Amino acid sequence: LQLGQAAIAAEDARFFEHRGVDFRGVLRAMVENLRAGGIKQGASTITQQLAKTLVGNEKSYSRKVREAILARRIEDLYTKQQILTWYLNAIYLGHGSYGVQAAAQNYFRKDVAELTLGEMAMLGGLPQSPSRVNPAVNMAQSLERRRHVLQQMQRRNWISEAAMDQALAQPLRVFPKRDTLGDHVP
């Protein structure tokens, strides 16, 4: 439950309020991008990010339209909980990890059920930029992203302020990426 809340807090605060495309989010991002003079914010929902894994990463308006159409169809066929579960098990989280179980193993050498709140928040914040906020590469940015996710969770009353403070105080112990194929053997 908290891992899903961390992902929602980080990626799609209105996940339970839209039907695949968050038009308020699109409008907000357009205004912010116009102010910034370039693309600084995205407006993809969790469902759209899931759809993107199926339609590809091509940077074009036609891909965004296909993504939005597929997101609406996904929302028609699946429950929000099914979509969130699919997303958590398919999304790339850096460190060679697709899905939260692989990420929990690769980053923390734990099963997903054993993660602490701070570790869940760190994983929840990774999809935005898994190479930039990856704790194995940039611990400072990863800790800042974890703070943001925990603050969003606390703002929505999904966790208490005491739980947030405890999670923020907890150090993150991240393991190096495993060389399972022996590519780095001399």
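Just above sits the structure.
Going along each chain's sequence as written, the residues are numbered from 1 onward. Given that this is a predicted model, residues contribute local features only at a pLDDT of at least 70 and side-chain atom pairs are listed and counted only at 80 or more, while totals for whole chains, interfaces and linings are drawn from all residues. Hydrogens and water are ignored here; the side-chain numbers use all heavy atoms of the structure.

**Regarding the packing of aromatic side chains**
The geometry of an aromatic ring pair is captured by two quantities: the separation of the ring centres and the angle between the planes.
Inference 1: Aromatic pairs are defined between Phe, Tyr and Trp rings, using the six-membered ring for Trp, whenever the two ring centres lie within 6.5 Å; interplanar angles under 30 degrees are classed as stacked, those over 60 as edge-to-face, and all others as tilted. This structure, assessed with the given rule, holds four aromatic pairs.
Inference 2: When the centroid spacing of 5.0 Å and the interplanar angle of 75 degrees are considered together, the rings of Phe15 and Phe16 count as edge-to-face.
Inference 3: Here Phe16 falls in the exposed class, since its relative accessible area comes to 52%.
Inference 4: On the numbers, 5.5 Å between centres and 65 degrees between planes, the contact of Tyr78 with Trp86 is edge-to-face.
Inference 5: When its relative accessible area of 31% is taken as the criterion, Trp86 is described as partly exposed.
Inference 6: Geometrically, a lysine NZ or arginine CZ counts as sitting over a ring once it is within 6 Å of the ring centre and also within 35 degrees of the ring normal. Here the guanidinium or amino end of Lys80 rests over the ring plane of Phe15, the centre of that ring lying 4.4 Å away.
Inference 7: Between the NZ or CZ atom of Arg156 and the centre of the ring of Trp158, over which it lies, the distance is 5.9 Å. Type-normalised accessible area, obtained with a 1.4 Å probe on protein chains alone, sets the label of each residue: buried when under 20%, exposed when over 50%, and partly exposed for intermediate values.

**Details of a nonpolar patch on the surface**
Inference 1: A cluster of nonpolar side chains, namely Leu54, Leu77, Tyr78 and Trp86, defines an oily patch on the protein surface of about 420 Å² accessible area.
Inference 2: In this text, helices come from DSSP runs of H or I with a minimum length of four residues, and strands from runs of E with a minimum of two, each type numbered from the N-terminal end. Structurally, Leu77 is set in helix α4 (residues 61-77).
Inference 3: Residue Leu77 is classed as exposed on the basis of its relative accessible area of 66%. Patch membership requires more than 30% relative accessible area and the absence of a salt bridge. Residues of like charge join within 9 Å; the nonpolar side chains Val, Leu, Ile, Met, Phe, Trp and Tyr join within 5 Å. Each accessible area is a Shrake-Rupley estimate made with a 1.4 Å probe; only the visible protein chains count as cover when residues are assessed. Salt bridge, as applied in this entry: a Lys or Arg side-chain nitrogen positioned within 4 Å of an Asp or Glu carboxyl oxygen.

**As for the pattern of salt bridges**
A pair can form between side chains of opposite charge whenever their charged atoms are brought close.
Inference 1: Under the counting rule described, the total for this entry stands at eleven salt bridges.
Inference 2: In this structure, the salt-bridge partner of Asp76 is Arg72, at a minimum N-O distance of 4.0 Å. Placement of the pair is Asp76 and Arg72 together in helix α4, with a separation of four residues, close to one helical turn.
Inference 3: On the basis of relative accessibility, which here comes to 52%, the residue Asp76 falls in the exposed class.
Inference 4: Where Glu119 meets Lys110, a salt bridge forms, and the shortest distance between an N and an O atom there is 2.9 Å.

Keep in mind these values describe shape, not function.
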